[in-house]
Amino acid sequence: MTNLEILKNTFKKKKSKNILEVGCNVGLVTKTLSKIPNIGILSIDNNKQHVNIAKKKLKFEKNIKFKVINFFDLKESQKFDVIIFREFFNILNYKKNKQIIRKSEKILNDKGLIILIDFYKSVTTRSNLLQIFIKSKKPTKNLNKFVENQNDFNKYFKKEKWKIKIFNKDLLDQHVSTVSKILEMIYPVKYTVFAYKKK
Ligand SMILES: C[S@@+](CC[C@H](N)C(=O)[O-])C[C@H]1O[C@@H](n2cnc3c(N)ncnc32)[C@H](O)[C@@H]1O
């Protein structure tokens, strides 16, 4: 099964319709999400320039809405079946990560799902390796000390009474360069976590 098929099947199985994409940037991941049938997507970013580029690029996609807003300022009256954070979790600090989970709980539907996609702490070595192949690529900073490996997720979400499923790969990597994908196979550091609140 391809990465996108895993997502499509999950959304279908859970009857997920309303998707929130947080930190959509210029819409690279949004473009992939637009290929998933029968869903509506709200893609947000607090950077207006990013959102304008994404909007232009995806102006023909009827199932996507864009909004310039800080995630933490989203109204809690609007609920979502799935919230996707790709390369968002790591840019914030540990305290903020907890706030992301808290805020998500408030805007998720009952059987809602959070999808976290990011790098484990070991990203620095991979980033240095990548620079050998793509000289212009800036090294990825190890900003977040939140998760080193699967155990950190297990510990954290157990305490929070969430059920989780971990994939040691990026399920939304369709726009990623071939060189990065090859490197990811040799030196894998990405994760996708599906987290469901236990009822
Ligand atoms: C590293 S980029 C990730 C882009 C995209 N998700 C991807 O995977 O390619 C993080 C994005 O989050 C946005 N961002 C940072 N803090 C935010 C916040 N509090 N609310 C909404 N967007 C935010 C930034 O402007 C940036 O576009």
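Before any of the text, the structure's been laid out above.
Each chain has its residues counted from 1, running along the sequence as written. Thresholds applied to this predicted model are a pLDDT of at least 70 for local features of residues and 80 or more for the giving and counting of side-chain atom pairs; totals over whole chains, interfaces and linings are not thresholded and use all residues. Calculation of side-chain values draws on the structure's entire complement of heavy atoms; hydrogens and water are dropped beforehand.

Visitor: Sorry, what's going on with the site of the ligand here?
Guide: The rule for a residue being near a molecule or strand is that one of its heavy atoms must lie within 4 Å of it. Around the ligand sit 14 residues in total, of which Gly23, Asn25, Asp45, Phe71 and Arg86 are the nearest. Think of a polar contact as two N or O atoms within 3.5 Å of one another; within protein, one of them needs to be a possible hydrogen donor and the other a possible acceptor, and neighboring residues in sequence only count if both atoms come from side chains. Between the ligand and the protein, one listed contact pairs a nitrogen atom with a backbone N or O atom of asparagine 46 at 3.2 Å. The contact in question runs from an oxygen atom of the ligand to an N or O atom on the side chain of arginine 86, over 2.6 Å. Split into classes, the residues belonging to the shell around the ligand amount to five nonpolar, six polar and three charged. Ten residues, namely Ala, Val, Leu, Ile, Met, Phe, Trp, Tyr, Cys and Pro, are considered nonpolar, four, namely Asp, Glu, Lys and Arg, are considered charged, and the remaining ones, Gly among them, are considered polar.

Visitor: What's the story with the packing of aromatic side chains in this structure? I'm lost.
Guide: Pairing of aromatic rings covers Phe, Tyr and the six-membered ring of Trp, with a centre-to-centre limit of 6.5 Å; geometry is then stacked below 30 degrees between planes, edge-to-face above 60, and tilted otherwise. Applying the stated criterion across every chain, the model contains nine aromatic pairs. Arranged with centres 5.2 Å apart and planes meeting at 70°, the rings of phenylalanine 71 and phenylalanine 72 form a pair that is edge-to-face. Taking the centre distance of 4.9 Å and the plane angle of 50° together, the rings of tyrosine 120 and tyrosine 191 count as tilted. Taken together, the residues span a long stretch of sequence, with tyrosine 120 in the loop between β5 (108-119) and α5 (123-133) and tyrosine 191 in strand β7 (residues 190-197) at a distance of 71 residues. Each helix is a run of H or I in the DSSP string that is no shorter than four residues. Each strand is a run of E no shorter than two, and both are numbered from the N terminus.

Visitor: Would you mind showing me how to read unusual backbone geometry here?
Guide: Peptide bonds are mostly trans, and most non-glycine residues show a negative phi. Unlike most non-glycine residues, lysine 15 shows phi in positive territory, near 55°. Note that lysine 15 resides in the loop between α1 (3-13) and β1 (18-22). Looking at lysine 15, the relative accessible area reads 65%, which means it is exposed. With a phi close to 50°, glutamate 87 is a non-glycine residue in the positive phi region. Along the chain, glutamate 87 falls in the loop between β4 (80-86) and α4 (94-107). Exposure classes here rest on a 1.4 Å probe applied to the protein chains alone. A residue is buried below 20% of its type maximum, exposed above 50%, and partly exposed in between.

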